[in-house]
Amino acid sequence: MRRLLATAVVPLVLLAGVGCSADPDPAPPGPAAPAGPAVALPSAGASASQVCAAAQQAGTLAVQTYVDELGQMVAATGAEDAPGAQAARDRAGAALTGWRSALRELSTRATDPPLKTLLTDMADEVEAKGADVDEIDEADLERLRQRLDQLCAR
């Protein structure tokens, strides 16, 4: 997490002057991120490649949303916007919750036993980590995605 925050803070520090404009009414923040990965799920009994593709897409979307929201949280914290920081934190947690839900749903649709087991295990790991952004770093999330990539590449 520290490495992720450092990566998010450096660009924010470099761009700090950009946020200091004479405009007293800044534009409102962009639309809220979705509650979790919005991925088209294959039908029950789908092929392993279809389930793998959906699981990989859900993982990519969840991790990207998580990282983006952590950046928003750091920016809001730097701007002393406690409600904005909490909202970004909540959206980051929701991205992981959505990923866990997608993994669980995909595990019920997988017919390949090793894939079914891996998806269930991954959902359990994401759930065990919880949605607390202080307890998760990008290395944990990347390790989970790599396990899926290895199985799906076979």
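Please read these numbers as outputs of a predicted model, since none were measured by experiment. (Residues numbered from 1 in each chain as written. Predicted model: local features only at pLDDT ≥ 70, side-chain atom pairs only at ≥ 80, totals over all residues. Heavy atoms only, no water.)

(A) A look at the confidence of the model for the chain. For the chain, mean pLDDT is 76; residues scoring 70 or higher make up 69% of the total. Per-element confidence in the chain ranges from a low mean pLDDT of 42 for helix 1 (residues 2-14) to a high of 93 for helix 3 (residues 82-109). Here residues 1-37 scores under 50 on pLDDT; set against residues more than four positions off or in separate chains, the count is 36 contacts. (pLDDT = per-residue confidence, 0-100. Helix = DSSP H or I, 4+ residues; strand = E, 2+ residues; numbered from the N terminus. Contact = heavy atoms within 4.5 Å.)

(B) Local environment of unusual backbone geometry. Although it is not a glycine, glutamate 80 adopts a positive phi angle of roughly 55 degrees. Mapping glutamate 80 onto the fold places it in the loop between helix 2 (48-78) and helix 3.

(C) Looking closely at the packing of helix 4 (residues 113-129) against helix 5 (residues 138-152). Across the interface, helix 4 lies against helix 5 with an axial gap of 10 Å and an inter-helix angle of 175 degrees. With respect to helix 5, the element helix 4 is oriented roughly antiparallel. Residues Pro114, Leu115, Leu118, Leu119, Asp121, Met122, Glu125, Val126 and Lys129 of helix 4 form the contact with helix 5, whose participating residues are Asp140, Arg143, Leu144, Arg147, Leu148, Leu151 and Cys152. Considered class by class, the residues forming the contact of helix 4 with helix 5 number ten nonpolar, no polar and six charged. (Axes fitted to C-alpha atoms, helices over the stretch in contact; angles between N-to-C directions. Parallel < 35°, antiparallel > 145°, perpendicular 65-115°, else oblique. Nonpolar A, V, L, I, M, F, W, Y, C, P; charged D, E, K, R; others polar.)

(D) Highlighting the packing of helix 3 against helix 4. The N-to-C vectors of helix 3 and helix 4 enclose an angle of 155 degrees; their axes lie 8 Å apart at closest approach. Comparing the axis directions of helix 3 and helix 4 gives the class roughly antiparallel. Considering the relative orientation of helix 3 and helix 4, their crossing is left-handed. Contacts from Leu96, Trp99, Arg100, Leu103, Arg104, Leu106, Ser107 and Thr108 of helix 3 reach helix 4 at Lys116, Leu119, Thr120, Met122, Ala123, Asp124, Val126 and Glu127. Class assignment for the residues of the contact of helix 3 with helix 4 results in eight nonpolar, three polar and five charged. (Left-handed = near helix turned anticlockwise from the far one by under 90°.)

(E) Geometry of the environment of serine 49. Tracing the backbone shows serine 49 in helix 2. The class of serine 49 is exposed, set by a relative accessible area of 53%. Distance in space between the C-alpha atoms of serine 49 and alanine 110 is 9.6 Å, their sequence separation being 61 residues. (Buried < 20%, exposed > 50% of the residue type's maximum accessible area, 1.4 Å probe, protein only.)

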